[in-house]
Amino acid sequence: MLTLEDRISARVKAVDFRAWRDRVTAIGGCAAPIRLSGAFQLQDLNGGVIEHIGGDVMVPCGNRRESVCPACSDRYAADAYHLMHAGLAGGSKGVPADVSEKPRVFATLTAPSFGPVHNRPITTTGKVRPCTGCGEWHHGDDPRIGGAVDAGTYDYTGAVLWQAHAGKLWHRFTIALRRKLAGAAGLKVSEFKHHARLSYAKVAEYQRRGLVHFHAVVRVDGPDGPDGPHDPTPAWATAEVLGDCIKAAARSVGIDTTRPDGSALRLVWGEQVDTKGIRGSQVEDDSGEISEARLAGYVAKYATKGTGARDTADRPIRSQLDIDVLHISEHHRRMVQTAWDLGGLADFEELNLRKWAHMLGFRGHFLTKSKHYSTTFRAIREERRTFRTLEMFERLQLDPAAVVVVNDWQYAGSGYDNDAERELAAGIAERVRAQRLRKYAQEGGPHHVRAA
């Protein structure tokens, strides 16, 4: 029987290898490409065929998780960076340049405690302290970190239900924040939109204990309307006022629900609510303010991080057998199991928890924003497609206004044919990523967003 090395060698020696390699390189070494069969034509305005290209093509899978597809994760991270940075620095993608002068705060809202978990406290001087839960000294890679100290008393039901309602809790927080800002300005809530508008972008990140917390860029724009980002922010709205209102709003909201036994459960934010000012420079300063470029890079990293391969599944759970064979910690298995069990109860049917058991009950999007914060993922991707299309027209010396593009493609499969191709594609992905890193290092680009 041939070894993997033999199969790789045979694939490299195949007559079609160079063509295959070029196709995989064109999609950045995507780990699970979508294969399409068909053709596209370039026609003149009278229907005459200028160019016809047919056959089989590969397109990227588009998965944002680094643990599933590093190549597509890089692309998503780059898009997330530009989306976040446009709303922070302005001057591009329809956002005015003076947006960086508006009051802006980087806020972190966390989940409450549902029981003691193993941790590894580190002092401001970098000294490791013993675990506050068990008293032991944990190594940084200790799989117990984040897990319940006592699984028998840990509130897994409360944790999963909090997770399932986290998106709704955020929505209530934004409503409360507008009210707090209106109060700080001496305005009625109904008058707030005529004086200012709240813009934000947030990203969810999983903690080691399996619960999400939200990192958000919050900005106060001018009056609600088409020119909000362009209008000056009222003088009463400062970063200090915004930070104070964020903390007050987080403390004031909650969601009332019930447990499976009918007892009441109040879902609130954790006690730790952190706020930092944002400034337009390259490094974090001693006062804790954080720069626009660095912050956009952080958000891009969080948006692709997911929960990590060791914490939970990368794909939806289909049956109890899927849970039984997961290679994860017992703490996270208990969370998956709890979400699966709750999802089978009629009282929690609307939460659709079985669909989200692999996400430990979290049902929200990882990166969301208000309408006027900045551009959209769709606009960024359409801009990229337009750029590539114009490149093709220039290469063929064609006038875009005089050409019609006709596509006809059908789904032909997913992934690669065998493990040898998967290994070769992974190597191509690493090479493409290394090339991007070198390019960004030379150009001074956002190298902190991995190879985005």
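Within any chain, residue numbers begin from 1 and follow the written order of that chain's sequence. Only residues with pLDDT of at least 70 get local features here, since the model is predicted, and only at 80 or more are side-chain atom pairs given and counted; chain-wide, interface and lining totals rely on the full set of residues. The basis for every side-chain value is the complete set of non-hydrogen atoms in the structure, without hydrogens or water.

Below, the discussion takes up the sheet that holds strand β11 (residues 403–414). Note: two strands are recorded as paired if DSSP finds a minimum of 2 bridges between them. Each helix corresponds to a stretch of at least 4 residues labelled H or I by DSSP, and each strand to a stretch of at least 2 residues labelled E; elements are numbered beginning at the N terminus. One open sheet holds the three strands; their spatial order is β2-β1-β11, and the pairing between them is antiparallel. Of all strands in the sheet, those bounded by a partner on one side alone are β2 (49–59) and β11. The mean inter-strand angle of the sheet, taken between neighbouring strand axes irrespective of direction, is 10°. Angles run from 0 to 180 degrees between N-to-C directions of axes, and those axes are lines fitted to C-alpha atoms, restricted for helices to the stretch in contact.

Moving on: the pattern of salt bridges. We count a salt bridge whenever a side-chain nitrogen from Lys or Arg sits within 4 Å of a carboxyl oxygen from Asp or Glu. Using the criterion set out here, one finds 16 salt bridges in the structure. Across the pair Arg433 and Asp74 runs a salt bridge, and its minimum N-O distance is 3.0 Å. With a gap of 359 residues between them, Arg433 in helix α10 (residues 419–443) and Asp74 in helix α3 (residues 70–89) connect regions that are remote in the sequence. For the pair Arg433 and Asp74, a shared accessibility class is recorded, and that class is buried. Measuring nitrogen to oxygen at the nearest pair gives 2.9 Å for the salt bridge that ties Arg385 to Glu382. Separated by three residues within a single helix, Arg385 and Glu382 lie in helix α9 (residues 377–395), roughly one turn from each other. Looking at Glu382, the relative accessible area reads 40%, which means it is partly exposed. Each member of the salt-bridge network shares a partner with another, and the members are Glu66, Asp74, Arg433 and Arg436. Remark: exposure states derive from per-residue accessible area (1.4 Å probe, protein chains only) relative to the maximum for the residue type, with buried under 20%, exposed over 50%, and partly exposed in between.

All right, on to the layout of surface pockets then. Put simply, the grid is 1 Å and covers the protein atoms alone, a cavity is a trapped set of points that fit a 1.4 Å probe, a pocket is an open set with protein on both sides within 12 Å along at least five of seven lines, and lining residues have an atom within 4 Å of a point. Grid points are joined across faces, edges and corners, and a volume is the space filled by probe spheres set on the points. When its volume is computed, the largest pocket comes out at roughly 2,100 Å³. The greatest single-element share of the lining of the largest pocket, amounting to eleven residues, is contributed by α9. Computed from the structure, the second largest pocket encloses a volume of approximately 350 Å³. Along the wall of the second largest pocket there are 17 residues; nearest its centre are Arg64, Arg65, Trp356, Met359 and Phe366. Classification used: nonpolar for Ala, Val, Leu, Ile, Met, Phe, Trp, Tyr, Cys and Pro, charged for Asp, Glu, Lys and Arg, polar for all others including Gly. Within the lining of the second largest pocket, the residues separate by chemical class into seven nonpolar, four polar and six charged.

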